[in-house]
Amino acid sequence: MKSLICFLFCIATLPAFSQKLTLSGYLIDSENGEAIIGAHVFNKQSGLGTVSNNYGYYSLSTQLKESLHIRISHLGYTQIDTTIIVKNKAYFINFNLVPEFEKIQGITVSADKRITETDEMSLIKLSIKDIKKLPMVGAEYDILKAFQYMPGVQSGKEGSSGLIVRGGSSDQNLIVLDDVPLYHVNHLAGFLSVFNPDAINTIKMYTGGFPARYGSRLSSVLDIRTKKGNNQQFNGNATMGLISSRITLEGPLKKDTSSYLVSFRRFIPDLFLRPIMNYKSDVNSGYNFYDGNLKLSYNKNKHKLFFTLYNGADKFNTSFKNQVDPSETAESKIQWGNTLATIRWNQAISPSLYSTLIGYYSKYRYSSLSSYESSTESKQTINEYTSGVEDFGLKYKFEQNISESYRINYGLDLIYHRFTPGFSRSNLSNIDATEETAVNKEKHTGFENAIYLENHFSIGSRMKANLGYRFVVYHINETNYFSGEPRLLINYSIAPKLSLKASYSKMNQYIHLLSSSGLGLPTDLWMPATENIPPQFSRQIAMGIAAIPHHNYELTVEAYYKTLNNLITMKEGVFFFSDNSSWQEKVEKGGVGYSTGLEFHLKKNSGRLTGWMSYTLSKAELKFESINHADYYPANYDRRHDLSLVFMYQINKNIDASCVWVYGSGYPITLAFEAHQKIDNTSTSQDLGEILIFEHKNNYRMRDYHRMDIGLNFKKVKKRGTRIWNLSIYNLYNRKNPFYYFTRTSSEGLNRTTKLYQYSLFPILPSISYSYIF
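Residues numbered from 1 in each chain as written. Predicted model: local features only at pLDDT ≥ 70, side-chain atom pairs only at ≥ 80, totals over all residues. Heavy atoms only, no water.

### Structural notes on the overall build of the protein
And then number 1: Scanning the protein from terminus to terminus reveals 4 helices and 50 strands.
And then number 2: By sequence separation, contacts in the protein at least 24 residues apart represent 65% of the contacts at least 6 residues apart.
And then number 3: Approximately 34700 Å² of the protein is accessible, and the part contributed by carbon and sulfur atoms is 58%. (Helix = DSSP H or I, 4+ residues; strand = E, 2+ residues; numbered from the N terminus. Contact = heavy atoms within 4.5 Å. Areas by Shrake-Rupley, 256 points an atom, 1.4 Å probe, with all protein chains shown as cover.)

### A closer look at the packing of aromatic side chains
And then number 1: Counted according to the given criterion, the structure contains 34 aromatic pairs.
And then number 2: Ring geometry for Phe267 against Phe289: centres 5.4 Å apart, planes inclined by 40°, an arrangement best described as tilted. You can see Phe267 sitting in strand β20 (residues 258-267) and its partner Phe289 sitting in strand β21 (residues 283-300), a full 22 residues away along the chain. This pair shows no difference in class: Phe267 is buried, exactly as Phe289 is.
And then number 3: Between Phe742 and Tyr757, the ring centres sit 5.7 Å apart and the planes meet at 15°, which makes this aromatic pair stacked. With Phe742 in strand β48 (residues 740-748) and Tyr757 in strand β49 (residues 751-759), this pair connects stretches of sequence that are 15 residues apart.
And then number 4: For Phe742, a relative accessible area of 25% translates into the label partly exposed.
And then number 5: Among the aromatic residues, those joined into a ring-pair cluster are Tyr26, Tyr55, Tyr57, Phe92 and Tyr354.
And then number 6: Here Lys304 stacks its cationic end above the ring of Tyr26, 4.3 Å away from the centre of that ring. (Phe/Tyr/Trp six-rings, centres within 6.5 Å; stacked < 30°, edge-to-face > 60°. Buried < 20%, exposed > 50% of the residue type's maximum accessible area, 1.4 Å probe, protein only. Lys NZ or Arg CZ within 6 Å of the ring centre and 35° of its normal.)

### Topic: a nonpolar patch on the surface
And then number 1: Together, Leu253, Leu296, Tyr298, Leu305, Phe307, Leu309, Ile343 and Trp345 give the surface a local cluster of nonpolar side chains, amounting to about 680 Å² of exposed area.
And then number 2: Of all the secondary structure elements, the ones that give two or more residues to the nonpolar patch are β21, β22 (303-321) and β23 (328-350).
And then number 3: With 3 residues, β22 is the single largest residue contributor to the nonpolar patch. (Patch = residues over 30% accessible without salt bridge, like charges linked within 9 Å, V, L, I, M, F, W, Y side chains within 5 Å. Salt bridge = Lys/Arg side-chain N within 4 Å of Asp/Glu carboxyl O.)

### Quick word on unusual backbone geometry
And then number 1: Backbone geometry places Arg166, a non-glycine residue, at a positive phi of 45°.
And then number 2: Locating Arg166 in the fold gives a position in the loop between β11 (164-165) and β12 (173-177).
And then number 3: The class of Arg166 is buried, set by a relative accessible area of 1%.
And then number 4: Positive phi values are uncommon outside glycine, yet Asn301 reaches one of about 55°.
And then number 5: Mapped onto the elements of the fold, Asn301 is located in the loop between β21 and β22.

### A word on the sheet that holds strand β5 (residues 67-73)
Whenever strands of a sheet pair, they do so through backbone hydrogen bonds, lying parallel or antiparallel.
And then number 1: In space, the 4 strands of this open sheet follow the order β3-β2-β5-β6, with antiparallel pairing throughout. Looking at the sheet topology across the chains shown, the edges are occupied by β3 (49-51) and β6 (80-85). Taken over all neighbouring pairs, the strand axes of this sheet differ in orientation by 20° on average, direction set aside.
And then number 2: Where β5 and β6 come together, 6 bridges link them in antiparallel fashion. Bridge pairing in β6 places Leu68 opposite Ile84. (Pairing = 2+ DSSP bridges. Axes fitted to C-alpha atoms, helices over the stretch in contact; angles between N-to-C directions.)

### Concerning the pattern of salt bridges
And then number 1: One pass over the structure, following the stated rule, counts 23 salt bridges.
And then number 2: Between Arg470 and Asp413 there is a salt bridge, with its nearest N and O atoms 2.9 Å apart. Taken together, the residues Arg470 in strand β30 (residues 463-476) and Asp413 in strand β26 (residues 406-419) connect sequence positions 57 residues apart. Judged on exposure class, the residue Arg470 and its partner Asp413 are both buried.
And then number 3: For Asp638, the salt bridge is made with Arg640, and the minimal N-O distance between the two is 2.4 Å.
And then number 4: You can call Asp638 buried: its relative accessible area is 1%.
And then number 5: Relative accessible area serves as the criterion here: at 25%, Arg640 is assigned to the partly exposed category.
And then number 6: Here the salt bridges do not stand alone but share partners, grouping Lys132, Glu140, Asp198, Arg246, Arg265 and Asp291 into one network.

### Digging into the pairing of strand β9 (residues 123-126)
And then number 1: Only one face of β9 is covered, namely the one carrying Ile124 and Leu126; the face carrying Leu123 and Lys125 has none of its residues buried.
And then number 2: Sheet topology places β9 next to strand β16 (residues 200-206); 4 bridges connect them, and they run antiparallel. By the bridge assignment, Lys125 is partnered in β16 with Lys204.

### Remarks on the environment of Tyr615
And then number 1: Within the secondary structure, Tyr615 is located in strand β38 (residues 609-623).
And then number 2: On the basis of relative accessible area, Tyr615 is assigned to the partly exposed category, the value being 28%.
And then number 3: Along the sequence, Tyr615 and Pro151 sit 464 residues apart, while their C-alpha atoms lie 5.9 Å from each other.
And then number 4: For Tyr615, the side chain forms a polar contact with the side chain of His641, separated by 2.8 Å. (Polar contact = N/O pair within 3.5 Å; in protein donor to acceptor, adjacent residues only side chain to side chain.)

### So, the nonpolar core
And then number 1: Formed by 71 residues in total, the largest nonpolar core has its most connected members in Phe195, Ile203, Leu222 and Ile224.
And then number 2: The element contributing the most residues to this core is strand β24 (residues 353-374), with 5 residues.
And then number 3: Each residue touching Phe195, except ones within four places of it in the same chain, is listed here: Ile143, Leu144, Ile175, Leu177, Leu182, Val185, Ile224 and Arg265.
And then number 4: Residues Leu60, Leu68, Ile84 and Leu97 belong to the second largest nonpolar core, which totals 18 residues. (Core = buried A, V, L, I, M, F, W, Y, C linked by side-chain atoms within 4.5 Å.)

### A short note on the sheet that holds strand β17 (residues 220-226)
And then number 1: Here 5 strands make up an open sheet; going across it, the order is β9-β16-β17-β12-β13 and the pairing mixed. Single-partner strands in this sheet number two, and they are β9 and β13 (180-181).
And then number 2: Bridge count between β12 and β13: 2 bridges; the pairing is antiparallel. Counterpart to Leu177 in the pairing with β13 is Val180.

Structure, rendered in structure tokens:
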């Protein structure tokens, strides 16, 4: 194997020893100055090319010739064909791409052929433009819900923005905003994500075939990039919806050189409903959430500097004041959310070498404070809980173009983790007597340091590969874990529009998410891998085909197999805050699992009617030594069949319609298959309830899930901007989908009858929103 790798490197690097020409620069949207990510720069003479990176930078090296014929293309932009007369060995040229507004008749835009040419697989891309055409839930665009319509991705629960990817749990998804990880990405109990679509530039998700630059999670990577702000002119937009309202402003600080973007979103109903609900009531309660984004950018020659700030939180509070005895009061305050700050410096060191230096801070925090006080009883009780995780990080990344057929990515990631769970209780019966207890008042700090190398090379005109390796050292409590993570992806072109792809990835995860129930406490309890709880790791292999059956269609079919190791879960019947013992004593560890599946995705890119069809056939099972008699059982989100049909239709230049239909087979649940009455053997023969007999864990399944959503956008260009009305209907035919099941028992003497009932969450939900773009 080592000899083969050396042989491949030698073949790939042979062109590097000849004289070469390097063309580099930025690809920029001509209207707003935004970087164009993922555009294809193609050398028409050699038949090889490159792709602009996450900052819009491209670098193309080729053999030195008298002239260079270049084609630059990206879906949604007018193609550029140009010839460069070669006088030097290095050219730094920026290209401004003009957005291409499709005509309703005679559309000639073709599909992006790179799905068969690139050394990437298991990659999902969605544009903000497409997301804003989809039906909305509660008049809110949500980027995470849009990804739930893609193969291998599920929601987990009705209406949730959570992501269940290829059988993994929600905490196994690495979600990064401008290169910085976020730990909590939901508002409103998972109904809505924290990402304001008006502030987002691009989104992509890897469900397999992970590049070595990514690590720290097992199941997926969701890479989200915010807009840098328009450096040409001032503009903005404002939206009023049923759930929230938002406003975004952007413009140049100095034209062509610096820009800003500021965006804010807030929950609206509490402003109107809270005064009504709390009028003349003993109980005063309220809930709200908000998101704020700020981005500043500065550009001079080959240097770019960015500052990003995000802050968002959910707040819930309840207060009680006894109208009869005003001295008796009770209050509860709960708040959770994220804070993120980052500064990034991009530099084109040379035409073939590009660097990115990032320093960041990321924090997830949860706090809960409840108190009861009665002056007449001289009594006061205070319960306080705080939990959170903080990251201080540094990334230094390099992208180097060695030759037309060989480029490398390498760099280092340094992260300092600080975990702060804790719970305290104070009971004051009078001024002289105080009892205070602390539960799980543990603090942990850890260092997660990694270096990585990606080798992107071509062998001939048919084969492309990405051979990478990531090495991680994780240190906590005098314990070190050393982990190697090999990555391999191969793309073999069978025909110009048909390719075969295969990948292998190993991933490690150094944090665990515990879920608590009861007590009204949070579900997001992030805990580190320790000397007693080793890191999780997974291995995934995938094979598939990518094809362009017609110039307007893309087709991908993939099969995968993934194993999971060192999983943990809460012990059955144990709560996180049940006693003063360490959390490490309350979990089952050493769990293993696997998931396997077949995914099908067909997409139509242009024309009046666009959209896609996604289907996934999958299976996911877990095993713990002390659960289910140490036998495998279906994971909570094991879903055999998952189907999504998405259609978007441009009625005319001002009106577009969309329709989504989803189907999923039922999730597993645990139900008793037999019950025996407990009877007091006395003359009264008193009924003492039932003894429930369970066959195995997750032995039944819920009813199948399906629903249809529709949406309409009405646009009108006015003198000073564009107004958009959106009308959407969620669950059009009012399907009663299961959210959870419960039982009710009725008795007639010694005869007992138990029935199973279904609770459904969302009926048919119409919504409306108004937006104005100026």
